[in-house]
2 protein chains.
Amino acid sequence: MVPDPIRPEPRCEGPAVVLVEPQLGENIGAAARAMANGGMSDLRLVNPRDGWPNPRAVAAASGANWILDGARVFESTEAAVADLRWLYATTARPRDMVKEVRTPRQAAQRIKAFAPDGDECGVLFGPERTGLRNEHLVLSTDLIVIPVDPAFSSLNLAQAVLVVCYEWFQAGLAPSEMEPDRYDRGARPASRAEMLNLFDHLEAQLDAVGFLRPPEKRPLMVQNLRNLLQRAQPTEQEVRTLHGVVRSLSGTRREDLEANRSGGGDD
Amino acid sequence: MVPDPIRPEPRCEGPAVVLVEPQLGENIGAAARAMANGGMSDLRLVNPRDGWPNPRAVAAASGANWILDGARVFESTEAAVADLRWLYATTARPRDMVKEVRTPRQAAQRIKAFAPDGDECGVLFGPERTGLRNEHLVLSTDLIVIPVDPAFSSLNLAQAVLVVCYEWFQAGLAPSEMEPDRYDRGARPASRAEMLNLFDHLEAQLDAVGFLRPPEKRPLMVQNLRNLLQRAQPTEQEVRTLHGVVRSLSGTRREDLEANRSGGGDD
């Protein structure tokens, strides 16, 4: 397969994702996929139930194979997290632990503040059926509870990993990247002069047909029309199109008027 | 089944989730599950490939049956969105549309500002294989692009719905301030290995003096001690200090014991 030349290299950074005793290969693969979307790559598995490697994980990774290939397997959670300085443990409820509880967003922002590339930080996820046990939560510095409706509150392992990875990626975006440019490349918003020109054209035509009457109401009618059109923030090309629309409509009308004036119609 | 008395009623609000020509019942069910987590309930389906109802959707909904039961099926996207005043269309790329592009977070906040319960607002999702076509994007007022690593960028339908529902729920939560980082630069928090080493040291000494008794209470006592020390988030230097504290205390005790054993002391 020929690589896409404009496709950037996948990022290889971010906090470690540590899956404790994952049961389903599908969820390991979906976790790798979520990590790739989040620009993360350090996957660690503690005693995966069905051994490792696992073909079901590959099928679910949707191409994030380099993360599965680089995954490390550990026999204890302690060994899997030994090098980490910040360890966030995900749990549905904080239970009876006296620990700081963060949202995934707060956790991502805090990790980013401590280590912009997530180095020596990690997030712990428990087995599908039970979640993390107290012995795992005790290993962590902080807890993560994902905010969802308490009346339902049911995320599976892959969904929890996705939310954490999504927040990690967002925490790395500059505020300007969070505000994507609304214009396609090359589509320039119209200048003020182009807009005023359009308004003049439109209002002249409307004056000609007596739409902007009575005179004392004209200023407000003009103001409202101008605001309406500016709210759409047209591009240069769209302004040209709008000139054409006004021209066509008024041209049709003029022909009608001329036809009437020539005495052709009895209506 | 006896209802759990402290379980709150599921919320029935939020913007509509409109799935255009969904192919897999599993994804419809997973979307319903995501909506329930986000406190949403208005599901609309445009020409689901395998008809409706769909037992695979029920299996994947993980109990969010009331959302599937209330789902409405439409024969055209236009009919499905006719009553909506704000319609956000999800797409992987903005294409050649001159439209506002929002992140899911921005979209959720804007919907919240317009309608706190999401009334008359909706989000459009395309079929699994192709995503939304231009004819669907044109129906919308704004676009949503989910920020993920452009080097990978592969979210499936259920994952995209989850991110949108998660952001909707978060948009309804009061904003919480991020605390400033408590570590000075240069003061490194201890690694997990350093903490485990400290715990082993402390607990061995406490076992030696019979502090961690009776045996059936030992696990909880250990858990509480570990959580107490981790809540303090010690630095590497502080961990060394704590080792010294444990060593000094147990050394003093040993000297006392030895002094007692030699018969030197009367008290």
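Quick caveat: nothing in here was measured; it's all calculated off a predicted structure.

A.B. asks: Looking at this structure, how should I read helix 9 (residues 218–231) of chain B?
C.D. replies: Helical geometry: 3.6 residues make up each α-helical turn, so side chains three or four residues apart lie on a common side. Helix length check: helix 9 of chain B, at 14 residues, gives a terminal C-alpha distance of 20 Å against a target of 20 Å (1.5 Å per residue), a fit within 8%. Looking one or two places after helix 9 of chain B, you find B:Gln233, whose phi comes out positive at around 45°.

A.B. asks: Would you take a moment to explain the packing of helix 1 (residues 25–37) of chain B against helix 7 (residues 157–171) of chain B for this structure?
C.D. replies: Describing two packed helices takes the angle between their axes plus the distance from one axis to the other. Residues and elements named next belong to chain B. Contact pair helix 1 / helix 7: the axes reach a minimum separation of 8 Å and the direction vectors enclose 10°. As judged from the angle between their axes, helix 1 and helix 7 are roughly parallel. For the pair helix 1 and helix 7, the contacting residues are Asn27, Ala30, Ala31, Ala34, Met35 and Asn37 in the first and Leu157, Ala158, Val161, Leu162, Cys165 and Phe169 in the second. Classifying every residue of the contact of helix 1 with helix 7 gives ten nonpolar, two polar and no charged.

A.B. asks: Any chance you could explain the nonpolar core here in plain terms?
C.D. replies: In summary, soluble globular proteins display a tendency toward joint burial of nonpolar side chains. Counting 76 residues, the largest nonpolar core has A:Leu19, A:Leu43, B:Leu19 and B:Leu43 as its most contacted members. The contact partners of B:Leu19, leaving out residues within four places of it in the chain, are B:Ile28, B:Ala31, B:Leu43, B:Arg44, B:Leu45, B:Val46, B:Phe125, B:Leu157 and B:Val161. Counting residues in each nonpolar core, the second largest holds 27 residues, with A:Leu87, A:Leu137, A:Leu143 and B:Leu206 among its members.

A.B. asks: Could you clarify how one ought to interpret the pattern of salt bridges in this entry?
C.D. replies: It is possible for side chains bearing opposite charge to pair when their charged atoms get close. Scanning all chains against the criterion turns up 31 salt bridges over all chains. For A:Asp42, the salt bridge goes to A:Arg72, with nearest N and O atoms at 3.1 Å. One end of the pair, A:Asp42, is in the loop between helix 1 (25–37) and strand 2 (43–46); the other, A:Arg72, is in strand 3 (residues 72–74), with 30 residues separating them in the sequence. In this structure A:Arg72 comes out as partly exposed when scored by relative accessible area, which is 40%. Its salt-bridge partner being B:Arg133, residue B:Glu21 comes within 3.2 Å of it at the nearest N-O pair. Taken as a pair, B:Glu21 in the loop between strand 1 (16–20) and helix 1 and B:Arg133 in the loop between strand 6 (121–125) and helix 6 (134–137) lie far apart in primary sequence, 112 residues in all. On the basis of relative accessible area, B:Glu21 is assigned to the partly exposed category, the value being 27%.

A.B. asks: Please clarify how the interface of chain A and chain B should be interpreted in this entry.
C.D. replies: For an interface, size is often stated in terms of accessible area lost upon the parts coming together. Each side of the interface is counted separately: chain A has 68 residues, and chain B has 65 residues. At the boundary of chain A with chain B, total buried surface from both sides reaches about 5800 Å², with 52% on carbon and sulfur atoms. When residues of chain A are sorted by the area they lose upon contact with chain B, A:Arg85, A:Phe152 and A:Tyr166 head the list and together hold 13% of the total. Scanning the region where chain A abuts chain B turns up three salt bridges. Here chain A and chain B share 21 residue pairs in polar contact (both at pLDDT 80 or more) between them. Sorting the residues of the side of chain A that touches chain B by element identifies helix 1, helix 4 (77–81), strand 4 (86–90), helix 5 (104–114) and helix 7 (157–171) of chain A as the ones contributing at least two each. By residue class, the composition of the side of chain A that touches chain B is 33 nonpolar, 17 polar and 18 charged.

A.B. asks: Explain the packing of aromatic side chains to me, please; I cannot follow it from the model alone.
C.D. replies: Geometrically, a pair of aromatic rings is defined through the distance of the ring centres and the angle of the planes. A full pass over the atoms with the stated rule returns five aromatic pairs over all chains. On the basis of an interplanar angle of 70° and a centroid distance of 5.7 Å, the ring pair of A:Trp66 and B:Phe152 is categorised as edge-to-face. Residue A:Trp66 is found in helix 3 (residues 65–69), and its partner B:Phe152 is found in the loop between strand 7 (142–144) and helix 7; the two belong to separate chains. Given the relative accessible area of 7%, B:Phe152 is considered buried. Sitting over the face of the ring of B:Trp168, B:Lys112 holds its NZ or CZ atom 4.0 Å from the ring centroid.

A.B. asks: Got a minute to help me understand the environment of A:Trp168 in this structure?
C.D. replies: Residue and element names in this part refer to chain A. In this fold, Trp168 is placed in helix 7. Look at Trp168 and you get buried, because its relative accessible area is 3%. Sequence separation of Trp168 and Ala89 is 79 residues, and the distance between their C-alpha atoms is 15 Å. Not counting the four nearest positions on each side in its chain, Trp168 is found in contact with Gly14, Pro15, Gly38, Met40, Ala108, Ile111, Lys112, Ala115, Pro116, Asp117 and Gly118.

A.B. asks: Please clarify how the packing of helix 5 of chain A against helix 7 of chain A should be interpreted in this entry.
C.D. replies: Residues and elements named next belong to chain A. One can describe the packing of helix 5 onto helix 7 by two numbers: an axis separation of 8 Å at closest approach and a directional angle of 45°. By the criterion of interaxial angle, the relationship of helix 5 to helix 7 is oblique. Here helix 5 and helix 7 pass one another in a crossing that is right-handed. Residues Pro104, Arg105, Ala108, Gln109, Ile111 and Lys112 of helix 5 lie in contact with helix 7, whose contacting residues are Val163, Val164, Glu167, Trp168 and Ala171. Residues belonging to the contact of helix 5 with helix 7 are distributed by class as follows: seven nonpolar, one polar and three charged.

A.B. asks: What is the right way to look at the side chain of B:Glu203 in this model?
C.D. replies: Residue and element names in this part refer to chain B. Along the polypeptide, Glu203 turns up in helix 8 (residues 192–208). With a relative accessible area of 6%, Glu203 lands in the buried category. If sequence neighbours within four positions are ignored, Glu203 has contacts with Leu212, Arg218, Val222 and Arg226.

So, how was this worked out
Residues numbered from 1 in each chain as written. Chains lettered and ligands numbered in written order. Predicted model: local features only at pLDDT ≥ 70, side-chain atom pairs only at ≥ 80, totals over all residues. Heavy atoms only, no water. Helix = DSSP H or I, 4+ residues; strand = E, 2+ residues; numbered from the N terminus. Expected span 1.5 Å × (residues − 1). Axes fitted to C-alpha atoms, helices over the stretch in contact; angles between N-to-C directions. Parallel < 35°, antiparallel > 145°, perpendicular 65-115°, else oblique. Contact = heavy atoms within 4.5 Å. Nonpolar A, V, L, I, M, F, W, Y, C, P; charged D, E, K, R; others polar. Core = buried A, V, L, I, M, F, W, Y, C linked by side-chain atoms within 4.5 Å. Buried < 20%, exposed > 50% of the residue type's maximum accessible area, 1.4 Å probe, protein only. Salt bridge = Lys/Arg side-chain N within 4 Å of Asp/Glu carboxyl O. Buried area = accessible area lost by both parts, 1.4 Å probe. Polar contact = N/O pair within 3.5 Å; in protein donor to acceptor, adjacent residues only side chain to side chain. Phe/Tyr/Trp six-rings, centres within 6.5 Å; stacked < 30°, edge-to-face > 60°. Lys NZ or Arg CZ within 6 Å of the ring centre and 35° of its normal. Left-handed = near helix turned anticlockwise from the far one by under 90°.

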